[in-house]
Every structure is written in C-alpha cells, then in structure tokens.
Amino acid sequence: MTQAPTPTADTVRALVRTLLKEAGNDPAGPDVRPVAEGGEHGTWWVGTRHVLRLAPDRDAAIRRRRELRLRELVRPHLPVAVPTSVSHGEWSPGLTYTLDTLVPGGTAEEHDVSAIGEADLAGFLTGMRAVPARQAETLGVPRAAPRSLEALRRMAVPAARTLATAEEFDPARLAQLTPPGAAQLAAQPGSAVLVHHNLRGEHLVVSADGRVRGILDWTGAVLGDPAEDIAGLALAVGSGAAVRAATLAGYGARPCLRGLWLARCDTVIRLAERLEGRDHGPLELLQTQLKRAWEAILLERVTELREE
C-alpha cells in the first residue's frame, strides 16, 4: 500500500493556491489549518468556506473517488446538505484530494438536535431508502452482511463486567437483552438499503437552533442493514432522538430496537477496550456515547416484540 508523505501547511497551501483563484492572488497564501490536532493531518480548513481532504493511501483514494459519485446520486433524495466538491484530483501519485465547500454549522457534539432537527434526520433516513440500490452498486458501493446481534451480545457480557469493575456501568442492564430477544431482532431478509454507516456526531452538521443541516463523510457507505444508521444516530444524538427519527421515517419497532441494541452493545465493548488499552478513542467521547445509547426509552420490551 502506497503511503503518502505527511502533508504540511506549506504543501497544502501550495496545492490550494493552484485550485482557488482568490488564494492565488494572495501573496501570503490561503489560511490553512488542520481540522484535528496532532497525528497525520488528512483534513484541512481552507479559509472560511472550504475543506480540503487528502487521501492517505490508495484504499482511501478509491473510497474518495467513489464518494464523489455517490454524493451526486444521493443529493436529490435528501432534505439535508451533502458537501459539494469544487475541485478534485491527485495531491501525490495515486493519492486523491477533494476540495469541498464548507457546510455551515457546528456538529452534533457542539449543538443539541431539536425536535425539528429530528424531523430532518427522519427525512434523511427516508431519503436513504429512496436511493436506488442498483445505481449505488453500479458506483461500487459494497454490500455488507448484517451483524449478528447475539454474537455482539456475547461479546458485550465480559466487557460489561470490565466496566463494572471500573464503576462505569451496571452489567445487569445488559441482561435486558436475552438470547431470544436478540434472535427476534435479527435483520430481516430483503431489508438492505443504502446506509451511511458512519453517523458519528462529528459527521452531522447542526445549526445553533438544532436543525440538522448536512451529513459529511460518505466514504464508508454500504448497501446493508438500516439499523446501523439508527445505531449511529443513537451514539450521535441519543437513543430517544434516534428512535423518534426512525419512527417518523416509517421504521417499525424491530429495526428501531435492533439499532438501539447494536449501539448499546457497541458502546459497552468499545469503552471496555479503551479502558484495557486496546482502543485509543477519546475516553470522554466513549463515555458520552455510552450514556446516549443507554438512555431509557418507551420502546424497551424486547422479549414482548411481536412479529411485524
């Protein structure tokens, strides 16, 4: 796998100067700064109106090329913004860049989603179901088999004990999901749709009034289990808001509960891995996601779920 040279502010500034007319007229060059502090910088703010994303390897370059085509496919179906590329190409041999217009707003980690924002999320989930699967597959979007909730539950049991030792979680809460309940919440045949598959808080653009204005980073999109996006929303905005949005989008109890329990098991496992040194995600964020996923909601009686 070809590894890119580490981008610096000077190399990014030189690239942007060739892409933006207004930048080329500025002797000092455009104002550029990495989006994330520390580590290898692959995403940069460019002034106040653009974002530059640099693929770090050839696999990422393939996903970025596919993302450009996919964003054009989904845009007409969604009520929220999808970034628009004003320029794209290679910043190093075989490694792509895309210069996108900035979708204005903060993130779901910075602003709470309002009731109207939940309706925006419902429109997003509805629109994702409307995207023609065959067209997405033609663009190279892969199919992903649904995860086994029972296998995930079994992994979460020892992880919950680890969290109990650290006084982070009561493992008795996980007992709400029984093996029969997990079996009832298996993904249904023929339910695959286009799934964003990476609905983290940082990828939801949220305005100060709580409206969801855009969805970022489409590189992980697959054709698969819609409960995965419900699970992602549970981590980003909380289980209550995620289930309300999914219900508004027309999803019934089964996919809503499946998404809820995918999120719950995931957060238990990931936080335990972080405490054991096997995951390097931000501890505070993982703790926050655990709390969001385990919010109590009315739709909780898993074992009493009837066939739909």
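So, here is what we can say about the structure in this document. Please read all numbers here as calculations on a predicted model, not as lab measurements.

A few words now on the overall build of the chain. The number of helices and strands found in the chain is 11 helices and 10 strands. Its C-alpha radius of gyration of 20 Å places the chain within 12% of the 19 Å reference for a compact globule of 308 residues. Considered along the principal axes of its C-alpha atoms, the chain spans approximately 65 × 45 × 40 Å. Taken across its 308 residues, the chain has 49% of its residues classed as buried. Total accessible area on the chain is roughly 14,800 Å²; 53% of this is exposed by carbon and sulfur atoms. With 36 positive and 38 negative side-chain charges, the chain shows a separation of 4 Å between the mean positions of the two kinds.

This part covers the sheet that holds strand β3 (residues 50-54). Across the sheet, five strands lie side by side as β1-β2-β3-β5-β4; this open sheet has antiparallel pairing. In this open sheet, the two edge strands, each paired with only one partner strand, are β1 (32-34) and β4 (85-92). Direction aside, neighbouring strands of the sheet carry axes that sit 25° apart on average. For strand β2 (residues 43-46) and β3, the ladder comprises four bridges, and the chain directions are antiparallel. The partner of Thr43 across the bridge, within β3, is Arg53.

Before going further, it helps to spend a moment on empty space enclosed by the protein. Left-over empty space is what a probe sized like a water molecule reveals as it rolls over the atoms. Here the structure, examined in full by the defined rule, presents one cavity of 30 Å³ or more. Forming the walls of the largest cavity are Leu125, Met128, Arg129, Val193, Leu194, Val195, Pro226, Asp229 and Tyr251. If you list the elements that add at least two residues to the lining of the largest cavity, you get α4 (115-130) and β7 (193-195). Tallied by class, residues from the lining of the largest cavity come to seven nonpolar, no polar and two charged.

Two strands in a sheet stick together by hydrogen bonds in their backbones, pointing the same way (parallel) or opposite ways (antiparallel). With respect to topology, three strands assemble into an open sheet ordered β6-β8-β9, the strand pairing being antiparallel. Unpaired on one side and paired on the other, β6 (106-107) and β9 (212-215) mark the two borders of the sheet. As judged from the three bridges shared by strand β8 (residues 204-206) and β9, these two strands associate in the antiparallel manner. Counted as the bridge partner of Val205 is Gly214 from β9.

In this section: the nonpolar core. If you look at the biggest cluster of nonpolar residues, it comprises 71 residues, and the most contacted ones within it are Phe124, Leu194, Leu204, Trp218, Val237 and Val268. Of the residues forming this core, the biggest block, 11 residues, is contributed by helix α10 (residues 253-275). Core analysis: the second largest hydrophobic core is formed by 11 residues, Leu15, Leu20, Trp44 and Tyr97 among them.

Reading guide: rules and limits
Residues numbered from 1 in each chain as written. Predicted model: local features only at pLDDT ≥ 70, side-chain atom pairs only at ≥ 80, totals over all residues. Heavy atoms only, no water. Helix = DSSP H or I, 4+ residues; strand = E, 2+ residues; numbered from the N terminus. Rg over C-alpha atoms; globule rule 2.2 N^0.38 Å. Buried < 20%, exposed > 50% of the residue type's maximum accessible area, 1.4 Å probe, protein only. Areas by Shrake-Rupley, 256 points an atom, 1.4 Å probe, with all protein chains shown as cover. Lys, Arg positive; Asp, Glu negative; His and termini not counted. Charge placed at Lys NZ, Arg CZ, Asp CG, Glu CD. Pairing = 2+ DSSP bridges. Axes fitted to C-alpha atoms, helices over the stretch in contact; angles between N-to-C directions. 1 Å grid on protein atoms, 1.4 Å probe; cavity = no way out; pocket = protein on both sides within 12 Å on 5 of 7 lines; lining within 4 Å. Points joined across faces, edges and corners; volume = space filled by probe spheres on them. Nonpolar A, V, L, I, M, F, W, Y, C, P; charged D, E, K, R; others polar. Core = buried A, V, L, I, M, F, W, Y, C linked by side-chain atoms within 4.5 Å.

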